[in-house]
Amino acid sequence: MATKTSPFLYPGVVATADRLAIVHLKRDLQIPTVLKEHDEDDEGYSEGKVVNTRFGSFPHTTLIGLPWGSQVRASKVDTGSRGRRPKAEDKKRKREEESADVPNKTPRLEEDASTPATPKEETEAIAASSGFIHLLPPTPENWTSSLPHRTQVVYTPDYSYILHRIRARPGTSLIEAGAGSGSFTHASSRAVFNGSATAKSGKVWSFEFHAQRHEKLQEEIQAHGLENTVQITHRDVCEGGFLVDGKSPNAESVFLDLPAPWLALPHLSRSKPTSSPTDTPFVSPLSPTAPVHICTFSPCIEQVQRTVSVMRQLGWVDIEMVEMAQKRFEIRRERIGMDNGAQRGLQLTPASVDEAVTRLKEVEGTFKSFHENGEKVDSVKKAHVNPNSREKLMESLIEKKMYKEGNLIHRTEPDVKTHTSYLVFAVLPREWSEEDERLAREKWPILLRKEDDGGKVIGMSRKQLKKAERQAMKDAADVEAKSKNDETNGEDTEMKGDETKDEEPEGTFLDGTSTKGRVRFRGM
């Protein structure tokens, strides 16, 4: 059986049937929909499955096969035909309503009343005169903007920075606690995916304690084809920990979106916590060979204080708190004029002195005629032309080139589209023993490489340079002390040898006395 590919990982070039697509209406309004070739729900449209929006109706047959990013014109759809029933079903519905008026009477239905309605033949859609949408691929960013909110979601500015700080990359094993609506789950699954369907990829171990949210998210993950990258577990990690079927995820990155993350931190340890039973063997959910990067997502500063306090007690280092705030910049041209119609960014003020004088003459003439005659006089006006008609818009774009007129301005939008939160980052180093230090020094000796002029050391910070210089001075002092000891021992040995050489051999005279210390006379 072939593995189902995920549209979030392999969106393809064009939109295909039975796959997820994002209907983009405007910047902050998107609708996720699964494209269908036929109306399986029998909603009554002759064009088949239809997406109804504020900008018109769009049959799925007009969306399937289009490249991503295409602009799609709305279609003429008979919305009044929706829900119309055949005569057999109308009879059934009428009898049910009549029987409801008479109490304690069981409705009697004929056999033909229960026959299913015959499906209508689907007709080809006809393009409408106005209204359009854009067809976008399902990416984590588009899914975050269009997903059904079950909880507060982690928006794109937050999770993009979080994934960068916790070192989530292809092949990483990542723990997520508090899946919620699944925004961070989809983003992290793409981050740990290695880009190949055959090679071993990373894994997202997601935990959710709410049963209904866990069930709904499990259905979404299977429908989106992410079951090979994401594994969801229904559990309260503050009580049950992070093991999956008794095995360790060997996580290198951790993200906690919990009300009380300090209660889950004791389970993220390489040593056995004091609160765990002593008779059971401890299995750490963290990687034993790599440092672990963590991020906690907390809305209140009091939660941050308790989390940081517990992190310090458990040996986490490089603790840092960050607050994210997103600002959008709106860039557009500001045009001034009174004859350009009601367009966006247009100020209804005179663009020149002549236009202002003409308008003032018209207003003053009308005012004077009204006061002289005592009644409003119909002034001669030119024929009204709709400035937003297709002809006027094409004329302004092609002939007048309105898009080049006016001043180019930019300003920040007042609203902030992100959840107010505090992000706490920390690192748990891998366990390091004296033996590991010795082996590391033997494999990677400390070498100071300086520039040609003998000045600055290349590739080392000041802290590393000072540490390396102290170690080098210590090693040099040890070598010098050892050489001095060797020289001292050599001199002592030589002096003893000379003294032994100068001493005369001890002998005896004829009378038996010793010759040591006496003057010896040699005969001629």
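Rules used in this analysis
- Residues numbered from 1 in each chain as written.
- Predicted model: local features only at pLDDT ≥ 70, side-chain atom pairs only at ≥ 80, totals over all residues.
- Heavy atoms only, no water.
- Phe/Tyr/Trp six-rings, centres within 6.5 Å; stacked < 30°, edge-to-face > 60°.
- Helix = DSSP H or I, 4+ residues; strand = E, 2+ residues; numbered from the N terminus.
- Salt bridge = Lys/Arg side-chain N within 4 Å of Asp/Glu carboxyl O.
- Buried < 20%, exposed > 50% of the residue type's maximum accessible area, 1.4 Å probe, protein only.
- Patch = residues over 30% accessible without salt bridge, like charges linked within 9 Å, V, L, I, M, F, W, Y side chains within 5 Å.
- Areas by Shrake-Rupley, 256 points an atom, 1.4 Å probe, with all protein chains shown as cover.
- Lys, Arg positive; Asp, Glu negative; His and termini not counted.
- Charge placed at Lys NZ, Arg CZ, Asp CG, Glu CD.
- Core = buried A, V, L, I, M, F, W, Y, C linked by side-chain atoms within 4.5 Å.
- Contact = heavy atoms within 4.5 Å.
- Pairing = 2+ DSSP bridges.
- Axes fitted to C-alpha atoms, helices over the stretch in contact; angles between N-to-C directions.

Here we come to the packing of aromatic side chains. All chains considered together, the criterion is met by six aromatic pairs. Note on Phe8 and Trp143: the rings are 6.1 Å apart at their centroids and 90° apart in plane angle, and the pair reads as edge-to-face. Placement of the pair is Phe8 in the segment before strand 1 (20-26) and Trp143 in helix 2 (residues 140-146), with a sequence separation of 135 residues. Every member of this aromatic cluster is reached through a ring pair, and the members are Phe184, Phe255 and Phe297.

In total, this model carries ten salt bridges according to the counting rule given. The shortest N-O distance in the salt bridge between Asp28 and Arg328 comes to 2.9 Å. Residue Asp28 is located in the loop between strand 1 and strand 2 (29-34), and its partner Arg328 is located in the loop between strand 12 (317-322) and strand 13 (329-336); the two are separated by 300 residues in the primary sequence. Look at Arg328 and you get partly exposed, because its relative accessible area is 23%. One salt bridge connects Arg213 with Glu208, and the closest N-O pair in it is separated by 3.3 Å. Residue classification places Glu208 among the buried residues on the basis of a relative accessible area of 3%. Linked by salt bridges that have partners in common, Glu435, Arg438 and Glu442 make up one network.

Of note, Arg167 is a non-glycine position whose phi angle comes to about 60°, a positive value. Its place among the elements puts Arg167 in the loop between helix 3 (156-165) and strand 7 (173-177). Unusually for a residue other than glycine, Asp318 sits at a positive phi of about 55°. Summarising the element assignment, Asp318 is placed in strand 12. For Asp318, a relative accessible area of 61% corresponds to the exposed category.

Looking now at a positive patch on the surface. A surface patch of like charges, here positive, comprises Arg462, Lys463, Lys466, Lys467 and Arg470. By secondary structure assignment, the location of Lys463 is in helix 11 (residues 462-502). Judged by relative accessible area, which is 73%, Lys463 ranks as exposed.

A word on the nonpolar core. Across soluble globular proteins, you tend to see nonpolar side chains buried next to one another. Core analysis: the biggest nonpolar cluster contains 29 residues, and Ile175, Phe242, Val254, Leu256, Leu268, Ile294 and Trp316 have the highest contact counts within it. Counting only elements with at least two residues in this core, the list comes to strand 7, strand 8 (203-208), helix 6 (237-240), strand 10 (253-256), strand 11 (292-298), helix 7 (301-313) and strand 16 (422-428). Apart from the residues lying within four places of it in its own chain, the contact partners of Val254 are Ile166, Ile175, Leu268, Leu286, Val292, His293, Ile294 and Cys295. Formed by 26 residues, the second largest nonpolar core is a distinct cluster that contains Ile166, Leu226, Phe297 and Val322.

To continue, consider the sheet that holds strand 12. Here we have seven strands laid out as an open sheet, ordered 9-8-7-10-11-16-12, and mixed in their pairing. One side of each edge strand has no neighbouring strand; the edge strands of this open sheet are strand 9 (230-234) and strand 12. Direction aside, neighbouring strands of the sheet carry axes that sit 15° apart on average. As defined by bridge partners, strand 7 adjoins strand 8 across five bridges and the pair is classed as parallel. Paired with Ile175 across the two strands is Trp205, which belongs to strand 8. Lying on the sheet, helix 5 (residues 211-223) is in contact with strand 8 and strand 9; it crosses strand 9 at an angle near 160°.

Let's shift gears to the pairing of strand 7. Among the five residues that make up strand 7, five are buried, leaving the element largely enclosed by the rest of the structure. Alternating residues of strand 7 divide into Ser173, Ile175 and Ala177 and Leu174 and Glu176, and every residue in both groups is buried. By the bridge criterion, four bridges tie strand 7 to strand 10 in an arrangement that is parallel. Among the inter-strand pairings, Leu174 is bridged to a residue of strand 10, identified as Ser253.

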